[in-house]
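# Tertiary structure, described
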Amino acid sequence: MNLAVFCSGKGTNLQAIINAIRKGEIEARIALVISDRKDAYALRRAKDAGIKAVFVNPKDFSCKRDFEVRLISYLKEERVELVVLAGFMRILSPFFVREYKHRILNIHPSLLPAFKGSRNAVRDALEYGVKITGVTVHFVDEQVDNGPIILQKAVEVSEEDSEESLRERIQQKEHLLYPLAIKLVVEGRIRMEGRRVRIDSLPCSG
Ligand code: GAR
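Residues numbered from 1 in each chain as written. Predicted model: local features only at pLDDT ≥ 70, side-chain atom pairs only at ≥ 80, totals over all residues. Heavy atoms only, no water.

## Structural notes on the overall build of the chain
Per the secondary structure count, the chain includes six helices and nine strands. A compact globule built from 206 residues would reach a C-alpha radius of gyration of about 17 Å, and the chain, at 16 Å, matches this within 12%. Buried residues in the chain amount to 49% of all 206 residues. Sequence-distant contacts in the chain: of pairs separated by 6 or more residues, those separated by 24 or more amount to 63%. A total of about 10600 Å² of accessible surface is found on the chain, and carbon and sulfur atoms cover 48% of it. Positive and negative charge centroids in the chain, built from 34 and 28 side chains respectively, lie 4 Å apart. (Helix = DSSP H or I, 4+ residues; strand = E, 2+ residues; numbered from the N terminus. Rg over C-alpha atoms; globule rule 2.2 N^0.38 Å. Buried < 20%, exposed > 50% of the residue type's maximum accessible area, 1.4 Å probe, protein only. Contact = heavy atoms within 4.5 Å. Areas by Shrake-Rupley, 256 points an atom, 1.4 Å probe, with all protein chains shown as cover. Lys, Arg positive; Asp, Glu negative; His and termini not counted. Charge placed at Lys NZ, Arg CZ, Asp CG, Glu CD.)

Structure, rendered in structure tokens:
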């Protein structure tokens, strides 16, 4: 299966996916990495891995739809079947989401629906004073951070946590959870019943 990974930043989740594919844990190929930021380190990671990496500047387009039409043309060119949002800090419109219905995944650093829509869910969770937060991988639907949940993992907040230390532990979980969720989707081991996502035989994970 051909994947596209959309990123805006460091790309540590992208790296975890690249590594899982290299190890043969996911039978898929990353056909394309797209970033909406020229300086995203994710683009460097993609190039280093020999993956086509493209910066698409939203400012080059007069409206969001035109920007998304360009994204879709890249996806079609590479015959992408699954779009993986990995720290892509831009909301995709219903136009884009309908084009790839049930074929867009997102990772969010909280236990959704808590801290839905937050651009800094780690800081918001810490400031709110929650004792448990975590990670969610979900399908993208037409509302922000709202689609059916595939996998979640909890992370305890300790008294000593700073934003950095909590983010570090959340990201460690992300790097296990996202490749696993992608593997389940790629292998067709996921069934949707309304909002509920049923998984056939979930393997053990950390
Ligand atoms: C990840 O922690 C991801 O959960 C978060 O951005 C980070 C990207 O890190 N995504 C969101 O907050 C989306 N709302 P990375 O570039 O190192 O993978």
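## Focus on the site of the ligand
Around the ligand lies a shell formed by Gly9, Lys10, Gly11, Thr12, Asn13, Gly87, Met89, Ile107, His108, Pro109, Gln171 and Glu174. With respect to the ligand, the backbone of Lys10 contributes an N or O atom lying 3.4 Å from an oxygen atom. Computed on the free molecule, the ligand has an accessible area of 450 Å², of which 88% lies beneath the protein chains in the complex. Put simply, the ligand lies in the largest pocket. (Near = heavy atom within 4 Å. Polar contact = N/O pair within 3.5 Å; in protein donor to acceptor, adjacent residues only side chain to side chain. 1 Å grid on protein atoms, 1.4 Å probe; cavity = no way out; pocket = protein on both sides within 12 Å on 5 of 7 lines; lining within 4 Å. Sits in = over half its atoms within 2 Å of the grid points.)

## Comments concerning helix 5 (residues 121-128)
Along helix 5, the positions that sit buried rather than exposed are Ala121, Val122 and Ala125. Down the axis of helix 5, the buried side of the element spans an arc of 105 degrees, and every buried residue falls inside it. Check the buried side of helix 5 and you find it contacts strand 5 (104-108), strand 6 (132-139) and helix 6 (163-186). Phi turns positive one or two residues past the end of helix 5, at Gly129, with a value near 90 degrees. (Arc of directions from axis to C-beta.)

## Some words on the sheet that holds strand 2 (residues 29-35)
Strand order across the open sheet formed by seven strands is 3-2-1-4-5-6-7, with mixed pairing between neighbours. The open sheet terminates on both sides in strands that have one partner only, identified here as strand 3 (53-55) and strand 7 (149-156). Between one strand and the next, the sheet's axes are offset by a mean angle of 15 degrees, whatever the strand orientation. Direction of pairing for strand 2 relative to strand 3: parallel, over a ladder of three bridges. Following the sheet pairing, Val33 is matched in strand 3 by Ala53. Here helix 1 (residues 12-22) sits on the sheet and contacts strand 1 (2-7), strand 2, strand 4 (82-85) and strand 5; the angle it forms with strand 2, its principal contact strand, is near 170 degrees. (Pairing = 2+ DSSP bridges. Axes fitted to C-alpha atoms, helices over the stretch in contact; angles between N-to-C directions.)

## As for the layout of surface pockets
Put simply, the largest pocket is a space of about 920 Å³. Looking at the largest pocket, it is lined by 38 residues, and the ones nearest its centre are Gly87, Phe88, Met89, Ile107 and Arg119. Those elements that place two or more of their residues in the lining of the largest pocket are helix 1, strand 5, helix 5 and helix 6. Tallying contributions element by element places helix 6 first for the lining of the largest pocket, with four residues. A breakdown of the residues in the lining of the largest pocket according to their chemical character gives 14 nonpolar, 14 polar and ten charged. (Points joined across faces, edges and corners; volume = space filled by probe spheres on them. Nonpolar A, V, L, I, M, F, W, Y, C, P; charged D, E, K, R; others polar.)

## A word on the pairing of strand 9 (residues 196-199)
Judged from the four bridges that link them, strand 8 (residues 190-193) and strand 9 form a sheet pairing that is antiparallel. Looking at strand 9, one finds that Glu193 is bridged to Arg196. Remark: two residues form the turn of the hairpin made by strand 8 and strand 9, two consecutive strands paired antiparallel; Gly194 in that turn has positive phi of roughly 65 degrees.

## What to know about unusual backbone geometry
Geometrically, the link from Leu112 to Pro113 is a cis peptide bond, its omega value of 15 degrees lying close to zero. Tracing the backbone shows Pro113 in the loop between strand 5 and helix 5. Positive phi outside glycine occurs at Arg79, with the angle close to 50 degrees. In this fold, Arg79 is placed in the loop between helix 3 (64-77) and strand 4.

Honestly, that's just the spatial picture; any functional story needs more than this.
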